[in-house]
Amino acid sequence: MEKSYFSRLPQELIREVFQNCLPQKSSFSPNDAPVVLTHVCKAWRAISLHDQQLWSRIEVPNWQESGAHIGELVKLWVERSGAAELQVNIGMFDQDIQMFPGPEKTKELYDCLEGMLATLAPHRARVRRFRGVFPESLMAAVGVDEMVNAEQIFYCGTLDNSGEVDSQLKLYLGPPRNNMRSLAICGCLADLDSVKTQTQLEHLELLDLSDGGDLCQETAIEILQGLPNLKTAVMDITRQARHGFSPPGERIFLNKLETFFVTWCLPANVDLLLDSIITPNLSKLGLRGKPHTVLRQWSNLYSFLNASQAPIKRISLGDFGDTDIRLLDCLENTQELEHLTINHTVIPDAMFRGLTITDEVRETRLLPSLETFNIGVCTGFSAESVVDFLKSRTKDVPCAGFSKLEEIAIMYCSSITESHRELLLSCGIKKLLLELPED
(Lines give C-alpha, C1' and ligand atoms only; values in the text may rest on other atoms or scores of the structure.)
Protein backbone atom coordinates (compact mmCIF):
# COMPACT_ATOMS: atom_id res chain seq x y z
CA MET A 1 0.00 0.00 0.00
CA GLU A 2 1.35 3.41 -0.96
CA LYS A 3 2.17 5.71 1.95
CA SER A 4 0.22 8.93 2.42
CA TYR A 5 1.87 12.21 1.52
CA PHE A 6 1.93 13.19 5.21
CA SER A 7 3.77 10.03 6.24
CA ARG A 8 6.46 10.76 3.65
CA LEU A 9 7.38 14.01 5.36
CA PRO A 10 10.56 14.12 7.49
CA GLN A 11 9.78 13.50 11.16
CA GLU A 12 11.32 16.87 12.06
CA LEU A 13 8.70 18.59 9.89
CA ILE A 14 5.90 16.45 11.32
CA ARG A 15 6.99 17.40 14.84
CA GLU A 16 6.86 21.07 13.86
CA VAL A 17 3.33 20.57 12.53
CA PHE A 18 2.36 18.87 15.80
CA GLN A 19 3.84 21.77 17.80
CA ASN A 20 1.64 24.15 15.86
CA CYS A 21 -1.39 22.03 16.80
CA LEU A 22 -0.95 22.81 20.49
CA PRO A 23 -3.61 25.18 21.86
CA GLN A 24 -2.50 28.61 23.01
CA LYS A 25 -3.45 27.63 26.54
CA SER A 26 -2.06 24.23 27.44
CA SER A 27 -4.76 21.61 27.96
CA PHE A 28 -5.17 18.11 29.37
CA SER A 29 -8.33 17.58 27.30
CA PRO A 30 -8.48 14.48 25.07
CA ASN A 31 -9.92 16.76 22.37
CA ASP A 32 -6.82 18.96 22.24
CA ALA A 33 -3.22 18.38 21.28
CA PRO A 34 -1.10 16.68 22.38
CA VAL A 35 -3.53 13.94 23.56
CA VAL A 36 -5.70 13.98 20.44
CA LEU A 37 -2.60 13.40 18.27
CA THR A 38 -2.02 10.05 19.98
CA HIS A 39 -5.50 8.81 18.94
CA VAL A 40 -5.20 9.20 15.16
CA CYS A 41 -2.98 6.26 14.19
CA LYS A 42 0.00 4.23 15.40
CA ALA A 43 2.50 6.39 13.52
CA TRP A 44 1.15 9.65 14.96
CA ARG A 45 1.01 8.13 18.41
CA ALA A 46 4.64 7.01 18.19
CA ILE A 47 5.81 10.42 16.99
CA SER A 48 3.77 12.24 19.65
CA LEU A 49 4.97 10.08 22.52
CA HIS A 50 8.60 10.51 21.51
CA ASP A 51 8.37 14.29 21.10
CA GLN A 52 9.20 15.54 24.59
CA GLN A 53 8.43 19.17 23.71
CA LEU A 54 4.76 18.34 23.13
CA TRP A 55 4.39 17.47 26.81
CA SER A 56 6.57 20.19 28.30
CA ARG A 57 3.79 22.73 28.96
CA ILE A 58 1.79 21.96 32.11
CA GLU A 59 -1.14 24.20 32.96
CA VAL A 60 -3.38 23.25 35.87
CA PRO A 61 -6.79 25.01 35.74
CA ASN A 62 -8.65 26.35 38.77
CA TRP A 63 -9.95 23.90 41.35
CA GLN A 64 -13.50 24.07 39.98
CA GLU A 65 -12.31 22.73 36.60
CA SER A 66 -9.35 20.53 37.56
CA GLY A 67 -11.13 17.22 38.06
CA ALA A 68 -10.30 14.28 40.30
CA HIS A 69 -7.36 12.98 38.23
CA ILE A 70 -5.44 16.21 37.76
CA GLY A 71 -2.51 14.98 39.84
CA GLU A 72 -2.15 11.85 37.69
CA LEU A 73 -2.26 13.94 34.51
CA VAL A 74 0.51 16.21 35.77
CA LYS A 75 2.62 13.14 36.54
CA LEU A 76 1.97 11.75 33.04
CA TRP A 77 2.99 15.03 31.36
CA VAL A 78 6.16 15.23 33.45
CA GLU A 79 7.11 11.68 32.52
CA ARG A 80 6.46 12.17 28.80
CA SER A 81 8.37 15.48 28.76
CA GLY A 82 11.58 13.53 29.39
CA ALA A 83 14.46 15.97 29.69
CA ALA A 84 12.75 18.91 27.96
CA GLU A 85 12.55 22.34 29.58
CA LEU A 86 9.28 22.78 31.46
CA GLN A 87 6.73 25.57 31.49
CA VAL A 88 4.52 25.15 34.55
CA ASN A 89 1.41 27.09 35.55
CA ILE A 90 -0.43 25.81 38.62
CA GLY A 91 -3.57 27.90 38.85
CA MET A 92 -5.84 25.92 41.16
CA PHE A 93 -6.33 29.11 43.16
CA ASP A 94 -6.80 32.57 41.67
CA GLN A 95 -4.45 35.38 42.65
CA ASP A 96 -7.19 38.03 42.65
CA ILE A 97 -10.46 36.30 43.55
CA GLN A 98 -9.66 33.75 46.20
CA MET A 99 -12.76 31.56 46.42
CA PHE A 100 -12.25 28.56 48.66
CA PRO A 101 -14.50 25.53 49.08
CA GLY A 102 -15.42 24.05 52.44
CA PRO A 103 -12.76 22.75 54.88
CA GLU A 104 -12.87 19.13 53.64
CA LYS A 105 -12.55 20.10 49.98
CA THR A 106 -9.82 22.60 50.80
CA LYS A 107 -7.78 19.90 52.53
CA GLU A 108 -8.30 17.63 49.53
CA LEU A 109 -7.05 20.36 47.20
CA TYR A 110 -4.03 21.11 49.39
CA ASP A 111 -3.16 17.39 49.38
CA CYS A 112 -3.50 17.38 45.58
CA LEU A 113 -1.23 20.42 45.28
CA GLU A 114 1.31 18.80 47.56
CA GLY A 115 1.28 15.70 45.37
CA MET A 116 1.86 17.76 42.20
CA LEU A 117 4.76 19.59 43.83
CA ALA A 118 6.27 16.27 44.90
CA THR A 119 6.01 15.09 41.28
CA LEU A 120 7.79 18.22 40.08
CA ALA A 121 10.44 18.23 42.81
CA PRO A 122 13.05 16.06 41.01
CA HIS A 123 12.58 18.14 37.86
CA ARG A 124 12.93 21.67 39.28
CA ALA A 125 16.16 22.29 37.40
CA ARG A 126 14.23 21.68 34.14
CA VAL A 127 11.72 24.45 34.85
CA ARG A 128 12.15 27.39 32.48
CA ARG A 129 8.94 29.24 33.31
CA PHE A 130 6.94 28.87 36.50
CA ARG A 131 3.69 30.43 37.68
CA GLY A 132 1.57 29.45 40.64
CA VAL A 133 -0.64 30.46 43.57
CA PHE A 134 -0.03 28.51 46.78
CA PRO A 135 -1.02 28.48 50.44
CA GLU A 136 1.71 29.53 52.83
CA SER A 137 2.18 26.00 54.19
CA LEU A 138 3.37 24.76 50.77
CA MET A 139 5.96 27.48 50.15
CA ALA A 140 8.92 25.21 50.90
CA ALA A 141 7.43 22.38 48.82
CA VAL A 142 7.35 24.61 45.73
CA GLY A 143 11.14 24.77 45.80
CA VAL A 144 11.66 28.02 43.90
CA ASP A 145 15.25 28.14 45.13
CA GLU A 146 16.01 24.94 43.18
CA MET A 147 14.60 26.22 39.89
CA VAL A 148 18.10 27.35 39.01
CA ASN A 149 17.52 27.53 35.24
CA ALA A 150 14.24 29.43 35.37
CA GLU A 151 13.94 32.51 33.18
CA GLN A 152 10.56 33.53 34.56
CA ILE A 153 9.00 33.03 38.00
CA PHE A 154 5.64 34.26 39.23
CA TYR A 155 4.82 33.26 42.81
CA CYS A 156 1.66 34.36 44.58
CA GLY A 157 0.85 33.36 48.14
CA THR A 158 -2.49 32.84 49.86
CA LEU A 159 -3.22 32.52 53.54
CA ASP A 160 -3.90 29.10 55.00
CA ASN A 161 -7.22 28.38 56.65
CA SER A 162 -6.00 29.98 59.89
CA GLY A 163 -5.72 33.37 58.17
CA GLU A 164 -2.48 34.04 60.04
CA VAL A 165 0.95 34.80 58.59
CA ASP A 166 3.97 32.81 59.77
CA SER A 167 6.71 35.44 60.02
CA GLN A 168 9.37 32.73 59.78
CA LEU A 169 8.35 31.65 56.27
CA LYS A 170 9.84 33.76 53.49
CA LEU A 171 10.13 33.00 49.81
CA TYR A 172 13.82 32.39 49.16
CA LEU A 173 15.03 32.54 45.56
CA GLY A 174 18.29 30.73 46.06
CA PRO A 175 21.59 31.64 44.38
CA PRO A 176 22.01 34.31 41.67
CA ARG A 177 20.87 33.17 38.22
CA ASN A 178 22.42 34.44 35.02
CA ASN A 179 19.31 33.56 33.00
CA MET A 180 16.57 34.92 35.30
CA ARG A 181 14.78 37.66 33.36
CA SER A 182 11.34 38.02 34.96
CA LEU A 183 10.32 37.80 38.61
CA ALA A 184 6.97 38.55 40.26
CA ILE A 185 6.21 37.94 43.95
CA CYS A 186 2.93 38.88 45.60
CA GLY A 187 0.87 38.08 48.66
CA CYS A 188 3.58 36.50 50.78
CA LEU A 189 6.72 37.18 52.76
CA ALA A 190 9.86 37.42 50.63
CA ASP A 191 13.57 37.22 51.28
CA LEU A 192 14.46 40.50 49.59
CA ASP A 193 18.19 39.92 49.96
CA SER A 194 17.85 37.00 47.52
CA VAL A 195 15.97 39.31 45.13
CA LYS A 196 18.87 41.78 45.14
CA THR A 197 21.26 39.11 43.80
CA GLN A 198 19.24 38.38 40.62
CA THR A 199 21.21 40.97 38.70
CA GLN A 200 20.04 40.00 35.18
CA LEU A 201 16.37 40.76 35.82
CA GLU A 202 14.51 42.76 33.18
CA HIS A 203 11.03 42.58 34.75
CA LEU A 204 10.34 42.82 38.50
CA GLU A 205 7.06 42.95 40.42
CA LEU A 206 6.94 43.04 44.23
CA LEU A 207 3.32 43.44 45.34
CA ASP A 208 1.45 43.10 48.62
CA LEU A 209 4.43 41.64 50.45
CA SER A 210 3.30 40.67 53.93
CA ASP A 211 4.54 42.13 57.19
CA GLY A 212 8.02 40.82 58.00
CA GLY A 213 9.12 40.35 54.41
CA ASP A 214 7.87 43.67 53.16
CA LEU A 215 9.36 46.50 51.14
CA CYS A 216 10.40 49.99 52.21
CA GLN A 217 11.71 52.62 49.82
CA GLU A 218 15.25 52.22 51.16
CA THR A 219 15.27 48.52 50.27
CA ALA A 220 13.66 49.37 46.92
CA ILE A 221 16.62 51.67 46.19
CA GLU A 222 19.08 48.89 47.03
CA ILE A 223 17.25 46.47 44.74
CA LEU A 224 17.17 48.93 41.84
CA GLN A 225 20.84 49.75 42.33
CA GLY A 226 21.81 46.16 41.55
CA LEU A 227 19.56 45.65 38.49
CA PRO A 228 21.07 47.61 35.59
CA ASN A 229 19.09 45.69 32.94
CA LEU A 230 15.66 46.36 34.44
CA LYS A 231 13.00 47.42 31.91
CA THR A 232 9.90 47.11 34.13
CA ALA A 233 9.64 47.68 37.89
CA VAL A 234 6.37 47.46 39.84
CA MET A 235 6.80 47.95 43.58
CA ASP A 236 4.37 48.08 46.49
CA ILE A 237 5.86 50.01 49.42
CA THR A 238 4.36 48.42 52.54
CA ARG A 239 6.75 49.46 55.27
CA GLN A 240 7.82 52.73 56.85
CA ALA A 241 11.34 54.14 56.55
CA ARG A 242 14.31 51.98 57.51
CA HIS A 243 16.66 53.68 59.93
CA GLY A 244 20.39 53.88 59.34
CA PHE A 245 20.15 53.94 55.55
CA SER A 246 22.64 56.05 53.60
CA PRO A 247 21.21 57.15 50.24
CA PRO A 248 23.47 56.95 47.19
CA GLY A 249 25.67 59.98 46.61
CA GLU A 250 24.43 60.31 43.04
CA ARG A 251 21.23 59.24 41.33
CA ILE A 252 21.20 55.62 40.18
CA PHE A 253 21.26 55.58 36.38
CA LEU A 254 18.58 53.14 35.15
CA ASN A 255 19.14 53.50 31.44
CA LYS A 256 16.90 50.60 30.36
CA LEU A 257 13.91 51.22 32.65
CA GLU A 258 10.79 51.85 30.56
CA THR A 259 7.93 51.18 33.02
CA PHE A 260 8.01 52.26 36.68
CA PHE A 261 4.97 51.87 38.92
CA VAL A 262 5.05 52.46 42.68
CA THR A 263 2.15 52.01 45.09
CA TRP A 264 1.94 52.41 48.85
CA CYS A 265 -0.94 51.61 51.16
CA LEU A 266 -0.01 53.79 54.13
CA PRO A 267 0.57 57.56 54.34
CA ALA A 268 4.18 57.89 53.28
CA ASN A 269 6.54 59.83 51.08
CA VAL A 270 8.49 58.19 48.28
CA ASP A 271 10.68 61.24 47.93
CA LEU A 272 13.86 59.34 48.77
CA LEU A 273 13.13 56.81 46.03
CA LEU A 274 12.37 59.48 43.42
CA ASP A 275 15.45 61.49 44.44
CA SER A 276 17.71 58.44 44.08
CA ILE A 277 17.09 57.38 40.47
CA ILE A 278 17.29 58.76 36.95
CA THR A 279 15.41 57.06 34.10
CA PRO A 280 16.21 58.68 30.74
CA ASN A 281 14.21 56.15 28.69
CA LEU A 282 11.10 55.86 30.86
CA SER A 283 7.84 55.67 28.88
CA LYS A 284 5.27 54.74 31.58
CA LEU A 285 5.13 56.10 35.14
CA GLY A 286 2.60 55.27 37.86
CA LEU A 287 2.40 56.59 41.43
CA ARG A 288 -0.47 55.50 43.65
CA GLY A 289 -0.61 56.30 47.34
CA LYS A 290 -1.23 59.03 49.89
CA PRO A 291 1.81 61.17 50.68
CA HIS A 292 2.57 62.44 54.17
CA THR A 293 3.36 65.85 52.69
CA VAL A 294 1.67 66.57 49.35
CA LEU A 295 3.70 69.67 48.45
CA ARG A 296 6.95 67.85 49.08
CA GLN A 297 5.76 64.99 46.91
CA TRP A 298 5.23 67.26 43.90
CA SER A 299 8.65 68.84 44.43
CA ASN A 300 10.33 65.45 44.34
CA LEU A 301 8.32 64.37 41.31
CA TYR A 302 9.36 67.56 39.53
CA SER A 303 13.04 66.95 40.37
CA PHE A 304 12.79 63.34 39.16
CA LEU A 305 11.15 64.26 35.85
CA ASN A 306 13.48 67.20 35.31
CA ALA A 307 16.57 65.07 35.95
CA SER A 308 15.39 62.20 33.74
CA GLN A 309 14.05 64.22 30.78
CA ALA A 310 12.47 60.96 29.63
CA PRO A 311 10.12 60.46 26.65
CA ILE A 312 7.21 59.53 28.93
CA LYS A 313 4.03 58.54 27.08
CA ARG A 314 1.77 57.55 30.00
CA ILE A 315 1.40 58.81 33.57
CA SER A 316 -1.03 57.45 36.16
CA LEU A 317 -1.50 59.16 39.55
CA GLY A 318 -3.84 58.05 42.31
CA ASP A 319 -4.83 58.59 45.95
CA PHE A 320 -2.77 61.76 46.29
CA GLY A 321 -5.43 63.52 48.36
CA ASP A 322 -5.08 66.86 46.56
CA THR A 323 -3.75 67.48 43.07
CA ASP A 324 -1.64 70.54 43.69
CA ILE A 325 -1.17 73.17 41.00
CA ARG A 326 2.52 72.21 41.12
CA LEU A 327 1.60 69.17 39.06
CA LEU A 328 1.51 71.54 36.09
CA ASP A 329 5.18 72.33 36.70
CA CYS A 330 5.89 68.59 36.71
CA LEU A 331 4.03 68.10 33.43
CA GLU A 332 6.17 70.71 31.70
CA ASN A 333 8.86 68.00 31.70
CA THR A 334 6.65 65.55 29.79
CA GLN A 335 6.39 66.99 26.30
CA GLU A 336 5.67 63.57 24.76
CA LEU A 337 2.93 62.57 27.22
CA GLU A 338 -0.04 61.07 25.37
CA HIS A 339 -2.06 59.45 28.19
CA LEU A 340 -2.76 61.00 31.63
CA THR A 341 -4.82 59.26 34.34
CA ILE A 342 -5.72 60.71 37.76
CA ASN A 343 -7.77 58.68 40.27
CA HIS A 344 -9.13 59.10 43.81
CA THR A 345 -7.89 62.67 44.08
CA VAL A 346 -9.18 66.20 44.60
CA ILE A 347 -8.64 68.16 41.36
CA PRO A 348 -9.24 71.92 41.71
CA ASP A 349 -10.63 73.98 38.85
CA ALA A 350 -7.23 75.67 38.69
CA MET A 351 -5.75 72.40 37.39
CA PHE A 352 -8.18 72.27 34.47
CA ARG A 353 -7.65 75.98 33.76
CA GLY A 354 -3.92 75.30 33.69
CA LEU A 355 -4.40 72.49 31.16
CA THR A 356 -6.75 74.51 28.98
CA ILE A 357 -4.91 75.73 25.90
CA THR A 358 -4.44 79.48 26.09
CA ASP A 359 -1.74 81.84 24.83
CA GLU A 360 0.25 81.07 27.99
CA VAL A 361 -0.08 77.30 27.53
CA ARG A 362 0.94 77.62 23.88
CA GLU A 363 4.07 79.41 25.02
CA THR A 364 4.98 76.85 27.70
CA ARG A 365 3.99 73.93 25.41
CA LEU A 366 2.17 72.17 28.25
CA LEU A 367 1.19 68.62 27.19
CA PRO A 368 1.23 69.24 23.44
CA SER A 369 0.91 65.49 22.69
CA LEU A 370 -2.00 64.67 25.04
CA GLU A 371 -4.56 62.38 23.35
CA THR A 372 -6.19 60.48 26.25
CA PHE A 373 -7.27 61.86 29.64
CA ASN A 374 -8.90 59.76 32.38
CA ILE A 375 -10.19 60.75 35.81
CA GLY A 376 -11.82 58.41 38.30
CA VAL A 377 -13.53 59.06 41.66
CA CYS A 378 -12.24 62.63 41.71
CA THR A 379 -13.82 65.73 43.27
CA GLY A 380 -13.11 69.45 43.61
CA PHE A 381 -13.84 70.62 40.06
CA SER A 382 -16.83 71.93 38.15
CA ALA A 383 -18.29 70.58 34.92
CA GLU A 384 -17.71 73.98 33.29
CA SER A 385 -13.93 73.80 33.82
CA VAL A 386 -13.85 70.31 32.27
CA VAL A 387 -15.84 71.53 29.25
CA ASP A 388 -13.49 74.50 28.70
CA PHE A 389 -10.51 72.18 28.92
CA LEU A 390 -12.01 69.71 26.43
CA LYS A 391 -13.07 72.34 23.91
CA SER A 392 -9.62 73.92 23.91
CA ARG A 393 -8.04 70.57 23.08
CA THR A 394 -10.55 69.26 20.54
CA LYS A 395 -12.42 71.48 18.11
CA ASP A 396 -10.81 74.72 19.33
CA VAL A 397 -7.16 73.60 19.13
CA PRO A 398 -5.59 76.98 18.38
CA CYS A 399 -2.39 76.13 16.53
CA ALA A 400 -0.19 73.49 14.98
CA GLY A 401 2.03 71.51 17.32
CA PHE A 402 -0.76 70.42 19.67
CA SER A 403 -2.44 67.03 19.27
CA LYS A 404 -6.20 66.86 19.51
CA LEU A 405 -7.60 65.13 22.58
CA GLU A 406 -9.22 61.94 21.25
CA GLU A 407 -10.51 60.12 24.34
CA ILE A 408 -11.69 61.00 27.83
CA ALA A 409 -13.00 58.77 30.61
CA ILE A 410 -14.82 60.28 33.60
CA MET A 411 -15.59 57.62 36.16
CA TYR A 412 -17.76 58.18 39.24
CA CYS A 413 -16.95 61.87 39.71
CA SER A 414 -19.68 63.53 41.78
CA SER A 415 -19.62 66.87 39.92
CA ILE A 416 -20.45 65.21 36.59
CA THR A 417 -24.04 64.00 36.08
CA GLU A 418 -26.10 62.59 33.23
CA SER A 419 -27.21 66.13 32.39
CA HIS A 420 -23.62 66.92 31.33
CA ARG A 421 -23.30 64.10 28.79
CA GLU A 422 -24.51 66.06 25.75
CA LEU A 423 -22.44 69.07 26.76
CA LEU A 424 -19.31 66.92 26.97
CA LEU A 425 -20.03 65.29 23.62
CA SER A 426 -20.54 68.69 22.01
CA CYS A 427 -16.89 69.52 22.75
CA GLY A 428 -15.85 67.40 19.78
CA ILE A 429 -14.33 64.49 21.68
CA LYS A 430 -14.19 61.31 19.61
CA LYS A 431 -14.63 58.85 22.46
CA LEU A 432 -16.30 59.57 25.79
CA LEU A 433 -16.61 56.99 28.56
CA LEU A 434 -18.87 58.29 31.30
CA GLU A 435 -19.70 56.25 34.39
CA LEU A 436 -21.89 58.04 36.92
CA PRO A 437 -21.93 57.60 40.72
CA GLU A 438 -25.02 56.05 42.21
CA ASP A 439 -27.45 58.44 43.87
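This text goes with the structure placed above it.
Details of the overall build of the chain
Then step 1. Secondary structure summary: the chain contains 15 helices and 16 strands in total.
Then step 2. When the 439 residues of the chain are sorted by exposure, 46% land in the buried category.
Then step 3. Within the chain, contacts between residues at least 6 apart in sequence are counted, and of these 68% link residues at least 24 apart.
Then step 4. Carbon and sulfur atoms make up 49% of the accessible area of the chain, which totals about 21,000 Å².
Then step 5. Taking the 42 positively charged and 59 negatively charged side chains of the chain as two groups, their mean positions are separated by 7 Å.

Quick look at the pairing of strand S16 (residues 431–435)
Then step 1. Residues of S16 alternate between two faces, with Leu432 and Leu434 buried on one and Lys431, Leu433 and Glu435 left unburied on the opposite face.
Then step 2. As judged from the 5 bridges shared by strand S15 (residues 407–411) and S16, these two strands associate in the parallel manner. Within the sheet, the bridge partner assigned to Ile408 lies in S16 and is Leu432.

Examining a nonpolar patch on the surface
Then step 1. On the surface, a cluster of nonpolar side chains totalling about 190 Å² of accessible area is made up of Leu9, Leu13 and Val17.
Then step 2. Here Val17 is to be found in helix H2 (residues 11–21).

As for empty space enclosed by the protein
Then step 1. In the structure shown here, the tally under the stated rule is 4 cavities of 30 Å³ or more.
Then step 2. Considered as a void within the structure, the largest cavity measures approximately 50 Å³ in volume.
Then step 3. Leu22, Pro23, Ser26, Ser27, Ala33, Pro34, Gln53, Leu54 and Arg57 together form the lining of the largest cavity.
Then step 4. Considering only enclosed or pocket space, the second largest cavity measures out at about 40 Å³ in volume.
Then step 5. Every residue lining the second largest cavity is listed: Leu117, Leu120, Arg124, Val127, Phe130, Val142 and Met147.
Then step 6. Only helix H5 (103–120) and strand S3 (127–135) provide two or more residues apiece to the lining of the second largest cavity.
Then step 7. Residue classes in the lining of the second largest cavity are distributed as 6 nonpolar, no polar and 1 charged.

Observations concerning the environment of Pro280
Then step 1. Its location among the elements puts Pro280 in the loop between strand S10 (277–278) and strand S11 (284–288).
Then step 2. For the pair Pro280 and Ser210, spaced 70 residues apart in sequence, the C-alpha to C-alpha distance is 32 Å.
Then step 3. Every residue in contact with Pro280, bar those within four places of it in the chain, is listed here: Phe253, Leu254, Asn255, Ser308, Gln309, Ala310 and Pro311.

Reading the values: rules and limits
Residues numbered from 1 in each chain as written. Predicted model: local features only at pLDDT ≥ 70, side-chain atom pairs only at ≥ 80, totals over all residues. Heavy atoms only, no water. Helix = DSSP H or I, 4+ residues; strand = E, 2+ residues; numbered from the N terminus. Buried < 20%, exposed > 50% of the residue type's maximum accessible area, 1.4 Å probe, protein only. Contact = heavy atoms within 4.5 Å. Areas by Shrake-Rupley, 256 points an atom, 1.4 Å probe, with all protein chains shown as cover. Lys, Arg positive; Asp, Glu negative; His and termini not counted. Charge placed at Lys NZ, Arg CZ, Asp CG, Glu CD. Pairing = 2+ DSSP bridges. Patch = residues over 30% accessible without salt bridge, like charges linked within 9 Å, V, L, I, M, F, W, Y side chains within 5 Å. Salt bridge = Lys/Arg side-chain N within 4 Å of Asp/Glu carboxyl O. 1 Å grid on protein atoms, 1.4 Å probe; cavity = no way out; pocket = protein on both sides within 12 Å on 5 of 7 lines; lining within 4 Å. Points joined across faces, edges and corners; volume = space filled by probe spheres on them. Nonpolar A, V, L, I, M, F, W, Y, C, P; charged D, E, K, R; others polar.

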